[in-house]
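Summary of the model geometry
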Amino acid sequence: MRLALELARDAETRGEVPVGAVVLAGGRVIARAGNQVEMLKDATAHAEMIVLTQAAAGLGDWRLNEATLYVTKEPCVMCAGAMVNCRLGRLVYGCHDPRVGAAGSVLNVTDLPGALHRVEVVGGVLGEECRAHLQEFFRRRRREEKNTEGEWVNS
């Protein structure tokens, strides 16, 4: 999770929402990425989607049963669905997403009854640190937007 947090910080320096993800398989890191939505102008370029693609390419198989994905924030519906479809073995995430989390907070796409695959999920790993980082990012972004609009200036 520490590496995922580093990748989240790197994404933030590029103007991205600071989410980082890492995939481990066979005891080694096989994929790593931060969000690239702004850079690629692609709404699907979430860190999780990128590392799932990298992991499949690295392993030479779309089935990731033996892999573990670490991500700083609970995945959205799109990312959780991709995890189910690639048969990810395990998901470990940092902070819960009480608005749109799809690995147990709002929805549980990773454990749908009748689905062909269910992903093992562990949430809350370094959760406070991950949450604080995201909250500070959005606080800063809101201040910057208000400053740009000339509504008020924060000292």
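Summarised in this report is the structure supplied together with it. Just so you know, these numbers come straight off a predicted model, no measurement behind them.

1. Observations regarding the environment of alanine 80
- Here alanine 80 lies in helix α4 (residues 77–85).
- Its relative accessible area of 0% is what places alanine 80 among the buried residues.
- When neighbours within four sequence positions are excluded, alanine 80 is seen to be in contact with Pro75, Ala102, Val109 and Thr110.

2. Brief notes about α4
- All of the buried residues in α4 are Cys79, Ala80, Gly81, Ala82, Met83 and Val84.
- At its buried positions, α4 is contacted by α3 (47–59), β3 (68–73) and β4 (90–95).
- Downstream of α4 by one or two residues, arginine 87 has phi in the positive range, about 60°.

3. Here's the deal with the pattern of salt bridges
- A complete count under the given rule lists 11 salt bridges for this structure.
- Linking glutamate 129 and arginine 2 is a salt bridge whose minimum nitrogen-to-oxygen distance equals 2.6 Å. Taken together, the residues glutamate 129 in helix α5 (residues 127–149) and arginine 2 in helix α1 (residues 2–13) connect sequence positions 127 residues apart.
- Residue classification places glutamate 129 among the partly exposed positions, given a relative accessible area of 30%.
- A salt bridge links glutamate 120 to arginine 90, with the shortest nitrogen-to-oxygen separation between them at 3.3 Å. Taken together, the residues span a long stretch of sequence, with glutamate 120 in strand β5 (residues 120–123) and arginine 90 in strand β4 at a distance of 30 residues.

4. A closer look at the packing of aromatic side chains
- Taken as a whole, this structure holds 1 aromatic pair when the rule is applied.
- When the centroid spacing of 4.9 Å and the interplanar angle of 75° are considered together, the rings of phenylalanine 137 and phenylalanine 138 count as edge-to-face.
- For phenylalanine 137, a relative accessible area of 6% puts it in the buried group.

5. Quick word on the sheet that holds strand β1 (residues 20–25)
- The sheet built from 5 strands is open, its strands ordered β2-β1-β3-β4-β5 with mixed pairing. Looking along the sheet, the strands with just one partner apiece sit at the ends: β2 (28–34) and β5. Each neighbouring strand pair of the sheet contributes to a mean axis angle of 15°, computed without reference to strand direction.
- Judged from the 6 bridges that link them, β1 and β2 form a sheet pairing that is antiparallel. Looking across to β2, one finds that alanine 25 is bridged to arginine 28.
- Strands β1, β2 and β3 of the sheet are contacted by α1, whose axis makes an angle of about 145° with β1.

6. Considerations on the side chain of aspartate 97
- Residue placement: aspartate 97 occurs in the loop between β4 and β5.
- In this structure the side chain of aspartate 97 is engaged in a polar contact, spanning 3.0 Å, whose partner is the backbone nitrogen of arginine 99.
- Ignoring any residue separated from it by four or fewer positions in sequence, one finds aspartate 97 in contact with Lys73, Glu74, Ser105 and Val106.

Criteria and cut-off values
- Residues numbered from 1 in each chain as written.
- Predicted model: local features only at pLDDT ≥ 70, side-chain atom pairs only at ≥ 80, totals over all residues.
- Heavy atoms only, no water.
- Helix = DSSP H or I, 4+ residues; strand = E, 2+ residues; numbered from the N terminus.
- Buried < 20%, exposed > 50% of the residue type's maximum accessible area, 1.4 Å probe, protein only.
- Contact = heavy atoms within 4.5 Å.
- Salt bridge = Lys/Arg side-chain N within 4 Å of Asp/Glu carboxyl O.
- Phe/Tyr/Trp six-rings, centres within 6.5 Å; stacked < 30°, edge-to-face > 60°.
- Pairing = 2+ DSSP bridges.
- Axes fitted to C-alpha atoms, helices over the stretch in contact; angles between N-to-C directions.
- Polar contact = N/O pair within 3.5 Å; in protein donor to acceptor, adjacent residues only side chain to side chain.

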